[in-house]
Amino acid sequence: MALTVSGFVLAGLFGDYVERNFDARLQVLLESLIAAAELDVNGRLFLMRPPGEARFDQPFSGWYWQIDGASDVPLRSRSLWDETLRLAPGEEGSRRYSTAGPNGERLRLMQRHITLPGAETPYVVAVAADLAELVAEVAPFNVTLGWSLGILGLGLLGAVLIQVRFG
């Protein structure tokens, strides 16, 4: 029973660690996107440099970014193709939530409302990634953990039987 509880605790801790890492990666990409956003002399939004993730250029890769403004056509990654992300309305500041992607995949989305220098209206900057990557990182660990604790349990059971037999 202790091995089962330990297995669930370890799996939960590792899952939380991977999720925090995933969110930190999204946060860095969001910050770099915000840093690259500028307004030209006509007040139109553009990026000074592309974000540092190659998957943003691969159509429907599961990694997407988008910048929405009140008057502009949204800027978006090539990976979105002709689709747009469904961003949550309203709130100022940052948000993190799950939503459906352009291919129906589950996405982890981070968004932030910002006001660029010289802009009259705020923009919503968003970065999203496929949650399947999170599951793919955790699954092999859970399988290895299950086998390891199972073998340990069998070894402990064998040791108890030997101790009782010779004791």
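For the structure itself, consult the block above.
Being a predicted model, the structure only gives us computed values, none of them experimental.

The subject of this paragraph is the pairing of strand β6 (residues 106-114). In terms of burial, β6 is largely enclosed, as eight of its nine residues are buried. Note: strand β5 (residues 94-100) against β6, seven bridges, orientation antiparallel. Bridge pairing in β6 links S94 to R112. Taking the residues between adjacent antiparallel strands as the criterion, β5 and β6 are bridged by five residues, where G104 takes a positive phi near 85°. Pairing of β6 with strand β7 (residues 123-130) involves eight bridges; the strand directions are antiparallel. Looking at β7, one finds that I114 is bridged to Y123.

Here we come to the environment of R108. By the secondary structure assignment, R108 is in strand β6. As a C-alpha pair, R108 and F22 span 86 residues in sequence and 9.1 Å in three-dimensional space. In terms of polar contacts, R108 uses its side chain to reach the side chain of D23, at 3.1 Å.

Our focus in this paragraph is the nonpolar core. I67, L116, Y123 and V127 are the most contacted members of the largest nonpolar core, which totals 25 residues. Contributing elements (two or more residues each) for this core: α1 (2-36), β1 (37-39), β3 (63-69), β6, β7 and α2 (132-166). If you look at the next biggest cluster of nonpolar residues, it comprises eleven residues, including L87, L107, V124 and A128.

Rules behind the numbers
Residues numbered from 1 in each chain as written. Predicted model: local features only at pLDDT ≥ 70, side-chain atom pairs only at ≥ 80, totals over all residues. Heavy atoms only, no water. Buried < 20%, exposed > 50% of the residue type's maximum accessible area, 1.4 Å probe, protein only. Helix = DSSP H or I, 4+ residues; strand = E, 2+ residues; numbered from the N terminus. Pairing = 2+ DSSP bridges. Polar contact = N/O pair within 3.5 Å; in protein donor to acceptor, adjacent residues only side chain to side chain. Core = buried A, V, L, I, M, F, W, Y, C linked by side-chain atoms within 4.5 Å.

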